[in-house]
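Residues per chain are reported as follows:
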Amino acid sequence: MENTINTGYILELKEVSVSYTPGKYAVDKVNARIAPNTVTAIMGPSGCGKSTLLHAINRLHELYPGISTTGEILLKGENIFRMNPMKVRRLAGMVFQRPNPFPTMSISGNVLAGYKLNNISLNKKEKGLIVERSLRSVNLWDEVKDVLNKKGTFLSGGQQQRLCIARALALKPELLLMDEPTSALDPISTSRIEDLILELKKEYTIIIVTHNMSQAARISDNAMFMYLGKLVEYGTTRQMFTKPENKRTEDYLTGSFG
Amino acid sequence: MAKMDKLLRGILLTAACFIIVLTAGIVYGLVSQSWDAFASFGFFRFIASTEWDSRNDIYGALPFIAGTVMTAVLAILFCIPFSLSVSLFNGEYFRNKKLSLFVSSVVDLLAGVPSIVFGLWGFYTLRPVLVDLGLSQQGFGVLLASIVLAVMIIPYASSLSAEFIAMVPNDLKEGAYSLGATNLEVIQRVSLPVAGSGIFASYILAFGRALGETMAVTMLIGNTNNIPRNLADTGNTMASIIANQFGEAGGLKLSALMVIGLLLFFITASVNFIAKYIMKLVNR
Ligand SMILES: Nc1ncnc2c1ncn2[C@@H]1O[C@H](COP(=O)(O)OP(=O)(O)O)[C@@H](O)[C@H]1O
Ligand SMILES: [Mg+2]
């Protein structure tokens, strides 16, 4: 563990670049450090590399040949590219844009999917505890406790998304990565998820991609603004919304483009 | 322009109606010629009887129904491991890679080979192998026919099920990977279960083909009118008894063959219908 130096940051990105085609960088030399128990919003116009950056953090790009990721990403001081990718993905839970519960699994099966997929066997009591704890932590328990054996796909979109968050939380990750988790949801479900994010901050560190600026303003402590693959500005959300340093950030936030 | 349009519509409508009339005609022809046998033996007696006696003009279809079910079930059992591997290879592991494109074109090639060619191969290449292995004395029989049938239906089962496996949404696979799953775990726990009904339907469709396949089976099954007692035994399927005897049959015997034809028609039609229905549910 030569690299395990506790710097107080849970995540450090050093010169992180990602390219889908050689020579073209979807994410271009991004440097950033993220403190624990914070919510960081990644903003920017469509196609600027937000999802690409997020996927780099749990090494999802490695599923596809031809995508190259360079630079260093340290998770609690440890370089994720020297860790087992399966472990990285368990430690950095991912919530996707569209709710994607497994359609062949029940609600409790979905919550336990991480264990099942990693062939970790649990006894009945452990299962029950994990299901209840995870569903409670996304405020879904009371709504589904009587239908745990029903398919997760019967739930509403907002409930499905909370189920997917529960599924990620069940593995006790260090980080929760969310890629526009509310963009497919109605306003009420959206605000429930926003409240949830604020609660989860006590236990987890959250990075959320959003192109909803008021959402970023409501829930994030820090904000990143990306443009054409570059991290243009990174600071506290308050500062970015009140006096952005960069002209492009200002233009984006005032709606001049994007 | 409108006139041309009307004309075209007329032609298409006529063609469509013709297909319906044709199908009805086939069923009518089979039913009307089946009548004598129905009247003489009764439907249930006919399908439950093992007798096929030209001298006394007594006929029953049980041996052929048994032969058909045996060969088709065995064929599907032999086919599953191969086509599942091929479909995972093409639909998941090597999807869109050069090797997989090559494999799927070989599979397509296999699907286009006429059944008489499979029959020849089974007769002159595979049969001696079975004899050498001591699995059968003459080589002919249920086992030989089933193996060749399996080879014939592998292309259908595997190319269709590969499509269902490839259709599993990427969202779900990424969701599974993001929970730390390995390739194998994603296949086992996500891709196969999600594609399950589609894969099942592919096998039913392949089963339907095996039920009706005639030429190769007729060449290989040994053509005896008994219920096969074991895999090495000879027998006949519903299709092969018809192919064997229709030329020399007349009277009640011909009528009995017609009943078998009618049965085969309905069995394969229902199997296809079930498969299509499942696929429709999947595609919703
Ligand atoms: N799978 C891919 N293959 C090739 N290029 C991609 C792929 N995914 C994204 N891109 C490109 O990378 C850039 C960043 O995309 P993305 O990270 O999805 O942006 P955002 O999430 O900010 O909308 C875009 O130019 C996009 O076209
Ligand atoms: Mg995106």
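Residues numbered from 1 in each chain as written. Chains lettered and ligands numbered in written order. Predicted model: local features only at pLDDT ≥ 70, side-chain atom pairs only at ≥ 80, totals over all residues. Heavy atoms only, no water.

A short note on the interface of chain A and chain B
Counting from both sides, the interface comprises 27 residues of chain A and, opposite them, 17 residues of chain B. For the chain A and chain B pair, buried surface summed over both sides reaches about 1,900 Å², with 64% attributable to carbon and sulfur atoms. Run the count over chain A and chain B and you get 0 salt bridges. Put simply, chain A and chain B have 7 residue pairs in polar contact (both at pLDDT 80 or more) between them. Mapped onto the side of chain A that touches chain B, the elements with two or more residues apiece are helix 2 (85-91), strand 6 (92-95), helix 4 (113-117) and helix 7 (157-169) of chain A. At 4 residues, the largest contribution of residues to the side of chain A that touches chain B is made by helix 4 of chain A. Its residues assigned to classes, the side of chain A that touches chain B comprises 15 nonpolar, 7 polar and 5 charged. (Contact = heavy atoms within 4.5 Å. Buried area = accessible area lost by both parts, 1.4 Å probe. Salt bridge = Lys/Arg side-chain N within 4 Å of Asp/Glu carboxyl O. Polar contact = N/O pair within 3.5 Å; in protein donor to acceptor, adjacent residues only side chain to side chain. Helix = DSSP H or I, 4+ residues; strand = E, 2+ residues; numbered from the N terminus. Nonpolar A, V, L, I, M, F, W, Y, C, P; charged D, E, K, R; others polar.)

Looking at helix 8 (residues 183-212) of chain B
In this model, helix 8 of chain B (30 residues) spans only 38 Å end to end at C-alpha, well below the 44 Å of a helix rising 1.5 Å per residue. B:Gly196 marks the point of greatest bend in helix 8 of chain B, at about 60°. (Expected span 1.5 Å × (residues − 1). Bend = angle between axes of the 7 residues up to and from the residue.)

Overview of the nonpolar core
Core analysis: the largest hydrophobic core is formed by 85 residues, its most contacted members being A:Leu11, A:Leu135 and A:Ile165. Ranked by the residues each element gives to this core, the list is headed by helix 7 of chain A, at 5 residues. Core analysis: the second largest hydrophobic core is formed by 39 residues, B:Ile153, B:Ile187, B:Ala206 and B:Ala216 among them. (Core = buried A, V, L, I, M, F, W, Y, C linked by side-chain atoms within 4.5 Å. Buried < 20%, exposed > 50% of the residue type's maximum accessible area, 1.4 Å probe, protein only.)

Thoughts on the sheet that holds strand 2 (residues 27-34) of chain A
All names here are of chain A. An order of 2-1-4-5 is seen for the 4 strands of this open sheet, with the pairing classed as antiparallel. Whereas interior strands pair on both sides, the edge strands pair on one side only; in this sheet they are strand 2 and strand 5 (78-79). Pairing geometry for strand 1 (residues 11-19) and strand 2, over 5 bridges, is antiparallel. The residue of strand 2 that forms the bridge with leucine 11 is isoleucine 34. Against the sheet, helix 1 (residues 50-57) contacts strand 1, strand 2 and strand 4 (68-75), and its axis sits at roughly 120° relative to strand 1. (Pairing = 2+ DSSP bridges. Axes fitted to C-alpha atoms, helices over the stretch in contact; angles between N-to-C directions.)

Side note on the pattern of salt bridges
What the rule picks out here adds up to 13 salt bridges over all chains. Of the charged contacts, one joins B:Arg229 and B:Asp233 as a salt bridge, the two residues approaching to 3.1 Å between their closest N and O atoms. By relative accessible area, which is 12% here, B:Asp233 ends up buried. Because the salt bridges share partners, they merge into one network encompassing A:Glu143, A:Arg162 and A:Arg192.

Observations regarding the packing of aromatic side chains
Considering all chains together, one arrives at 12 aromatic pairs over all chains under this definition. Plain terms: the ring middles of B:Phe38 and B:Phe43 are 5.8 Å apart, the flat faces sit at 45° to each other, and that makes the pair tilted. Its relative accessible area of 22% is what places B:Phe38 among the partly exposed residues. Members of the aromatic cluster, connected to one another through ring pairs, are B:Phe41, B:Phe46, B:Trp52, B:Tyr59 and B:Phe64. The ring of A:Phe154 carries A:Lys150 above its face, with NZ or CZ at 5.7 Å from the centroid. Between the NZ or CZ atom of B:Arg209 and the centre of the ring of B:Tyr156, over which it lies, the distance is 4.0 Å. (Phe/Tyr/Trp six-rings, centres within 6.5 Å; stacked < 30°, edge-to-face > 60°. Lys NZ or Arg CZ within 6 Å of the ring centre and 35° of its normal.)

Let's talk about the site of ligand 1
Residue and element names in this part refer to chain A. Around ligand 1 lies a shell formed by Tyr20, Ala26, Ser46, Gly47, Cys48, Gly49, Lys50, Ser51 and Thr52. Between tyrosine 20 and ligand 1, the recorded distance is 3.3 Å, taken from a side-chain N or O atom to a nitrogen atom. When ligand 1 sits alone it has 560 Å² of accessible area, and the protein chains cover 54% of it. Of the residues that constitute the shell around ligand 1, the class distribution is 3 nonpolar, 5 polar and 1 charged. (Near = heavy atom within 4 Å. Areas by Shrake-Rupley, 256 points an atom, 1.4 Å probe, with all protein chains shown as cover.)

Some details on the sheet that holds strand 6 of chain A
Residue and element names in this part refer to chain A. Sheet architecture is open: 6 strands sit in the order 6-7-8-3-9-10, paired in mixed fashion. In the strand order of this sheet, the two ends are held by strand 6 and strand 10 (230-236), each with one partner. Here the average twist between neighbouring strands, direction ignored, is 15°. The sheet contact formed by strand 9 (residues 222-227) and strand 10 spans 6 bridges and is antiparallel. Opposite alanine 223, over in strand 10, you have glycine 235 as the bridge partner. Taken strand by strand, helix 1 contacts strand 3 (39-43), strand 6, strand 7 (175-179), strand 8 (205-209) and strand 9, and its axis lies near 155° from that of strand 7. Against the sheet, helix 8 (residues 187-200) engages strand 3, strand 7 and strand 8, with an angle of about 150° to strand 8.

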